[in-house]
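# Results of the structural survey
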Amino acid sequence: MLRRFAKEAEKKNKEYERKSSMLSATRSSSYRKVKEARPAVRAQPSDRNFSKTVIPKSDQVRNLIYHSIKQNILFRTCSEEELQDLIDCFDKAEFKADTVVIKQGDEGDLFY
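Residues numbered from 1 in each chain as written. Predicted model: local features only at pLDDT ≥ 70, side-chain atom pairs only at ≥ 80, totals over all residues. Heavy atoms only, no water.

### Some details on the overall build of the chain
Rules: Every helix listed is a DSSP run of H or I at least four residues long, and every strand listed is a run of E at least two residues long, numbered separately from the N terminus. Relative accessibility thresholds used throughout: buried, under 20% of the residue-type maximum; exposed, over 50%; partly exposed, between the two (1.4 Å probe, protein chains only). Pairs of residues are marked as contacts when any of their non-hydrogen atoms sit within 4.5 Å. All accessible-area figures derive from a Shrake-Rupley calculation using a 1.4 Å probe, and residue coverage is judged against the displayed protein chains alone.
Helix and strand counts for the chain come out as three helices and zero strands. For the chain, the residues scored as buried account for 15% of the 112 residues in total. Within the chain, counting contacts between residues at least 6 apart in sequence, those at least 24 apart form 63% of the total. Per element, the accessible surface of the chain, about 9700 Å² overall, is 51% carbon and sulfur.

### A look at helix 2 (residues 59-70)
Applicable threshold: Residue count minus one, scaled by 1.5 Å, sets the expected span of a helix. The directions from the helix axis to the C-beta atoms are what the arc is built from.
Counted at 1.5 Å a residue, the expected span for helix 2 with its twelve residues is 16 Å, and the 16 Å between its end C-alpha atoms agrees. Restricting attention to buried positions, one finds in helix 2 the residues Arg62, Ile65, Tyr66 and Ile69. Looking straight down helix 2, one finds its buried side chains confined to an arc of 105°; they lie on one side. In helix 2, those exposed residues whose orientation departs by more than 90 degrees from the buried face are Gln60, Leu64 and His67. Buried positions along helix 2 lie against helix 3 (80-89).

### So, the pattern of salt bridges
This is how it is decided: Criterion for a salt bridge: a side-chain nitrogen of Lys or Arg within 4 Å of a carboxyl oxygen of Asp or Glu.
This structure, assessed with the given rule, holds four salt bridges. With a closest N to O distance of 3.1 Å, aspartate 85 and lysine 52 form a salt bridge. One end of the pair, aspartate 85, is in helix 3; the other, lysine 52, is in the loop between helix 1 (2-26) and helix 2, with 33 residues separating them in the sequence. The partly exposed category is assigned to aspartate 85, whose relative accessible area is 26%.

### Side note on the nonpolar core
Condition: By convention a nonpolar core is built from buried Ala, Val, Leu, Ile, Met, Phe, Trp, Tyr and Cys residues, the set being connected through side-chain atoms within 4.5 Å.
Ile65, Tyr66, Ile69, Leu74, Phe75, Cys78, Leu83, Leu86, Ile87 and Phe90 together form the largest nonpolar core, which totals ten residues. Of all the elements in the fold, those that place two or more residues in this core are helix 2 and helix 3. Once residues lying within four places of it in the same chain are set aside, the contact partners of tyrosine 66 are Glu80, Leu83, Gln84 and Ile87.

### Notes on the side chain of aspartate 88
To keep it simple, the criterion reads: As used in this structure description, the phrase polar contact means that two N or O atoms lie within 3.5 Å; if the pair is within protein, one of them must be able to donate a hydrogen and the other to accept it, and residues adjacent in sequence are counted only when both atoms belong to side chains.
With respect to the helices, strands and loops of the structure, aspartate 88 is situated in helix 3. Residue aspartate 88 is classed as buried on the basis of its relative accessible area, which comes to 15%. One polar contact links aspartate 88 to arginine 62, side chain to side chain, over a distance of 2.8 Å.

### Here's the deal with a nonpolar patch on the surface
Operational definition: To count toward a patch, a residue needs a relative accessible area over 30% and no salt bridge; like charges are then connected within 9 Å, while nonpolar side chains (Val, Leu, Ile, Met, Phe, Trp, Tyr) are connected within 5 Å.
On the surface, Phe95, Val101 and Ile102 cluster together into a nonpolar patch covering about 290 Å² of accessible area. Note on placement: phenylalanine 95 falls in the segment after helix 3.

As structure tokens, then:
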């Protein structure tokens, strides 16, 4: 579900950035209000039997994750409760040296 949320949010963000760049290119020296608000993406419960995943982590790690995602454009509109739920389900990933983790052009399915 988080993957689908991330893909939808990324798509909306790209569209927003495209519209913003078009607006910036046409903006004169006098500023004008944007008539269209940035669309927000909210995940709706799709499974009534869903149970939250909680990966144990120290307060220090929780704080690090919180401050890392709080300013991320994908999570800016999340409530504090939603941010805490996201932090709960984040898990550590380890890779050997010289392992390709992300390759440009590949479809993303995780956050790093």
